[in-house]
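This is what each chain is made of:
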Amino acid sequence: MRPPAGAGQNERDDEHVTELALAAGRGNKAALTEFIQATQADVWRLLAHLAGRDHADDLTQETYLRVMKALPKFAAKSSAHTWLLSLARRVWVDSVRHDMARPRKSITEIDDVPRSTTPAAWSEWIDARMVMDKLSPDRREALILTQVLGYTYEEAAKIAGCRVGTIRSRVARARQDMIAATATQDFSARSS
């Protein structure tokens with residue numbers, strides 16, 4: 001079986017990012033700057049999917065504050081990219097725990113909808129976002145990591161800090177939950 005197109009490039013990128021993290025951990029400021037530049041978009045994208053665009057900037061900043069403290073201890077047991085995204089995930093989990101005492105202002109983030117969307121597409125986007133928001137955090141995270149952001153089940157398991165089988169079952173259950181919620185919504189819409 002042939003590796004997917006670009007697989008070698010991704011491995012080289014991971015190796016380079018890991019080398020940058022190790023150098024930054026030894027105090028190399030230029031490596032730290034390059035490490036942040038090479039990884040910031042992925043961290044922000046993960047956090048935007050998990051917490052919403054309104055919170056992604058703050059959570060990304062908090063992630064890199066933790067990274068700077070942790071880099072001297074980074075031992076490259078996994079790729080720096082995987083290590084970094086697991087730190088970003090922990091920042092998100094901590095923010096969820098912190099915010100549990102406060103109610104959310106709204107179920108969806110309307111600013112996430114592109115301005116050029118038609119009313120029908122906008123409605124579908126809102127429905128999909130509402131269904132995803134109702135998933136348990138573990139299932140939503142597994143679904144976003146694998147189906148939205150495109151990480152393999154193995155990578156998602158490392159990021160989430162669980163076994164591959166756990167990620168697979170969370171994704172399967174999230175899909176079942178979404179199908180059930182969509183069927184309920186369709187039935188509700190037809191009976192109105």
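Here the structure is shown first, and the text comes after it.
Caption draft 1: Broad picture of the packing of helix H2 (residues 29-51) against helix H6 (residues 137-148). Taken N-terminus to C-terminus, the directions of H2 and H6 make an angle of 135°; their axes are 10 Å apart at the nearest point. Between H2 and H6, the interaxial angle falls into the category oblique. When you trace H2 past H6, the crossing you get is right-handed. Residues Leu 46, His 49 and Leu 50 of H2 form the contact with H6, whose participating residues are Arg 140, Glu 141, Ile 144, Leu 145 and Val 148.

Caption draft 2: Quick peek at the side chain of Thr 146. Its place among the elements puts Thr 146 in helix H6. Beyond its immediate chain neighbours, meaning those up to four positions away, Thr 146 contacts Tyr 151, Thr 152, Tyr 153, Ala 156, Ile 167 and Val 171.

Caption draft 3: Quick peek at the packing of aromatic side chains. Summed over all chains, the structure comprises one aromatic pair. On the numbers, 4.7 Å between centres and 40° between planes, the contact of Phe 74 with Trp 83 is tilted. No difference in accessibility class separates Phe 74 from Trp 83, as the two residues are buried.

Caption draft 4: Expanded view of the packing of H2 against helix H3 (residues 53-70). For the pair H2 and H3, interaxial distance at closest approach is 8 Å and the crossing angle is 140°. Between H2 and H3, the angle falls in the class oblique. Like other packed secondary-structure pairs, H2 and H3 cross with a definite hand, here right-handed. Taking contact as the criterion, the partners of Leu 32, Phe 35, Ile 36, Thr 39, Gln 40, Val 43, Trp 44, Leu 47, Ala 48 and Ala 51 in H2 are, on H3, Arg 53, His 55, Ala 56, Asp 57, Leu 59, Thr 60, Thr 63, Tyr 64, Val 67 and Met 68. Classifying every residue of the contact of H2 with H3 by side-chain character gives 13 nonpolar, five polar and two charged.

Caption draft 5: Quick look at H2. At Thr 39, H2 shows its maximal kink, close to 45°. For H2, the N-terminal cap is Asn 28; the gap from its side-chain oxygen to the backbone nitrogen of Ala 30 is 3.0 Å.

Caption draft 6: How the structure looks around the pattern of salt bridges. The final tally for this structure, using the stated rule, is seven salt bridges. Between Asp 42 and Arg 45 there is a salt bridge, and its shortest N-O distance comes to 3.5 Å. Taken as a pair, Asp 42 and Arg 45 lie in helix H2 at a separation of three residues, close to a single helical turn. Put simply, Glu 62, Arg 66 and Asp 94 are held in one network by salt bridges that share partners.

Reading the values: rules and limits
Here, residues in each chain are numbered from 1, in the same order as that chain's written sequence. In keeping with the predicted nature of the model, local features appear solely for residues at pLDDT of at least 70, side-chain atom pairs appear and are counted solely at 80 or more, and the whole-chain, interface and lining totals rest on all residues. Only hydrogens and water are removed before side-chain values are computed, so all heavy atoms of the structure are retained for them. Comment: axis = line fitted to C-alpha atoms, over the contacting stretch for helices; angle = value between 0 and 180 degrees taken between N-to-C directions. Per the convention used, a helix needs a DSSP run of H or I reaching at least four residues, while a strand needs a run of E reaching at least two, with both numbered from the N terminus. Under this scheme an angle from 65 to 115 degrees is roughly perpendicular, one under 35 degrees roughly parallel, and one over 145 degrees roughly antiparallel; angles in between are oblique. Rotating anticlockwise by less than a right angle from the far helix to the near helix defines a left-handed crossing, while the corresponding clockwise rotation defines a right-handed one. The contact criterion used is simple: two residues touch if any of their non-hydrogen atoms lie within 4.5 Å. By convention, a stacked pair of Phe, Tyr or Trp rings (six-membered ring in the case of Trp) has centres within 6.5 Å and planes under 30 degrees apart, an edge-to-face pair has planes over 60 apart, and any other such pair is tilted. Throughout this description, buried means an accessible area under 20% of the type-specific maximum (1.4 Å probe, protein chains only), exposed means over 50%, and partly exposed covers the range between. In the scheme used here, Gly and all other residues not listed as nonpolar or charged are polar, with Ala, Val, Leu, Ile, Met, Phe, Trp, Tyr, Cys and Pro taken as nonpolar and Asp, Glu, Lys and Arg as charged. One axis is fitted to the seven residues ending at the residue and one to the seven starting there. The bend at that residue is the angle between these axes. Definition of a polar contact: a pair of N or O atoms within 3.5 Å, with one able to donate and the other able to accept a hydrogen when the atoms are protein atoms, and with sequence-neighbouring residues admitted only if both atoms are side-chain atoms. Definition used for salt bridges: Asp or Glu carboxyl oxygen within 4 Å of a side-chain nitrogen of Lys or Arg.

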